[in-house]
Amino acid sequence: MRAIVSMRWVLARMYEPDLAIVDCRFLLGDPAAGRRSYAESYIPGAIYMDLERDLSGPVGKHGGRHPLPDIAELAAKLGKAGIDRDTRVVAYDDQGGVMAARFWWLLRYMGHEQVYVMDEGFSAWKKAGFPVTDAAPPIRVPKTYVPDVRQELLADVEAVRHAVRTGESALVDSREPARYRGETEPIDRNAGHIPGAVNRFWKENLDEAGRWRSPEELAERFAALPQDKPIIVYCGSGVTACPNVLALMEAGYRDVKLYAGSWSDWISYEDNPVAKGGE
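Basis of the calculations
Residues numbered from 1 in each chain as written. Predicted model: local features only at pLDDT ≥ 70, side-chain atom pairs only at ≥ 80, totals over all residues. Heavy atoms only, no water. Helix = DSSP H or I, 4+ residues; strand = E, 2+ residues; numbered from the N terminus. Polar contact = N/O pair within 3.5 Å; in protein donor to acceptor, adjacent residues only side chain to side chain. Contact = heavy atoms within 4.5 Å. Patch = residues over 30% accessible without salt bridge, like charges linked within 9 Å, V, L, I, M, F, W, Y side chains within 5 Å. Areas by Shrake-Rupley, 256 points an atom, 1.4 Å probe, with all protein chains shown as cover. Salt bridge = Lys/Arg side-chain N within 4 Å of Asp/Glu carboxyl O. Lys, Arg positive; Asp, Glu negative; His and termini not counted. Charge placed at Lys NZ, Arg CZ, Asp CG, Glu CD. Buried < 20%, exposed > 50% of the residue type's maximum accessible area, 1.4 Å probe, protein only. Pairing = 2+ DSSP bridges. Right-handed = clockwise from strand over helix to strand, strands pointing away.

Draft legend 1. Structural context of the side chain of asparagine 272. Within the secondary structure layout, asparagine 272 lies in the segment after α10 (262-266). At 2.8 Å, the side chain of asparagine 272 and the side chain of arginine 161 are in polar contact. One polar contact links the side chain of asparagine 272 to the main-chain carbonyl oxygen of tryptophan 266, over a distance of 2.9 Å. Not counting chain neighbours up to four residues away, the residues in contact with asparagine 272 comprise Val157, Arg161 and Trp266.

Draft legend 2. Highlighting the environment of tryptophan 263. Inspection of the secondary structure assignment puts tryptophan 263 in helix α10. Separated by 195 residues in the primary sequence, tryptophan 263 and leucine 68 place their C-alpha atoms 14 Å from one another. If we skip the residues at most four places from it in the chain, tryptophan 263 touches Arg175, Glu185, Asp188, Asn190, Ala191, Gly192, His193, Ile194, Tyr234, Cys235, Gly236 and Val274.

Draft legend 3. Representation of a negative patch on the surface in the model. A contiguous patch of negative charge on the surface is contributed by Glu208, Glu216, Glu217 and Glu220. Judged by relative accessible area, glutamate 208 falls into the exposed class, the value being 77%.

Draft legend 4. Main features of the sheet that holds strand β2 (residues 19-23). The strand order across the open sheet built from 5 strands is β1-β5-β4-β2-β3, with neighbouring strands paired in parallel fashion. The sheet terminates laterally at β1 (4-5) and β3 (47-48), the two strands that pair on one side only. Of the pairings in the sheet, the one linking β2 to strand β4 (residues 88-92) comprises 5 bridges and is parallel in character. Paired with leucine 19 across the strands is arginine 88, a residue of β4.

Draft legend 5. Summary view of the pairing of β4. When you tally the buried positions in β4, you get 5 out of 5 residues, the bulk of the element. Residues Arg88, Val90 and Tyr92 line one face of β4 and the alternating positions Val89 and Ala91 line the opposite face, and both faces are buried. Pairing geometry for β4 and strand β5 (residues 115-118), over 3 bridges, is parallel. Of the residues in β5, the one forming a bridge with valine 89 is valine 115. For the handedness criterion, the β-α-β arrangement of β4, helix α4 (residues 98-109) and β5 is classed as right-handed.

Draft legend 6. Expanded view of the pattern of salt bridges. Within the structure shown, the criterion is met by 20 salt bridges. Residues aspartate 173 and arginine 175 are paired through a salt bridge, measuring 2.7 Å at the closest nitrogen-oxygen approach. For arginine 181, the salt bridge goes to glutamate 183, with nearest N and O atoms at 2.7 Å. We classify glutamate 183 as exposed; its relative accessible area is 55%. Here the residues in one salt-bridge network are Arg65, Asp173, Arg175, Glu176, Arg179, Glu185 and Asp188, joined through shared partners.

Note that every value here comes from positions in space, so none of it alone points to a role or purpose.
Printed below as a string of structure tokens:
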């Protein structure tokens with residue numbers, strides 16, 4: 001089954017007891033916006049997970065702007081929300097799937113198999129006339145979430161350095177082309193990209209209507225990438241890389257890793273090389 005599910009798929013299953021719905025709406029420029037939006041209306045039964053409070057850890061000298069959260073702490077939050085490893089989980093946002101994809105990747109990293117991203121997002125759901133609520137957040141029966149961390153899904157800075165030196169892994173930069181080329185850098189202190197990386201802007205996984213492209217279209221989009229070596233995906237801070245990880249897996253790639261610290265971690269080491277310009 002695909003990891004991308006339609007709004008109607010969610011609508012047909014939203015009240016099934018083994019399904020948990022997670023609202024991941026978040027704006028990087030306004031960290032409180034997602035929680036405000038959830039308070040105003042959300043899909044009935046959905047719990048809220050905040051990118052910075054729940055799906056990221058504390059920022060340090062290294063690790064990037066959105067380090068991975070403590071897995072034990074996230075597991076405890078999931079259990080409190082009534083989610084265990086047997087629960088089917090579907091996440092949504094209103095940012096093209098990028099925040100939901102971060103949640104999807106984290107659960108996959110924790111060993112969860114049945115986790116999905118809802119296509120189109122909350123605004124499309126509401127526009128379609130599907131049910132929403134502004135009631136108090138739902139109370140779910142607590143469970144115990146036991147993670148089984150899959151380290152093979154993660155790349156650290158040493159793995160990326162090795163890829164730069166040897167070319168044994170392909171590197172994919174998920175940021176806007178101008179940031180990749182080093183022409184502009186609105187967030188991080190250094191502009192450019194990791195040497196050897198190719199640019200695949202994550203928003204191009206969506207069509208003109210904001211829906212995820214089909215597996216066949218995604219396979220065509222990534223056709224120049226090798227199938228016979230690992231692929232390491234990064235962005236600015238490990239968030240917008242996640243939809244590219246998801247898209248690559250939808251396209252049939254299997255050895256896909258997230259560089260969680262991404263560009264903001266890479267440039268925190270003064271000796272790491274930086275490239276500018278096109279591919």
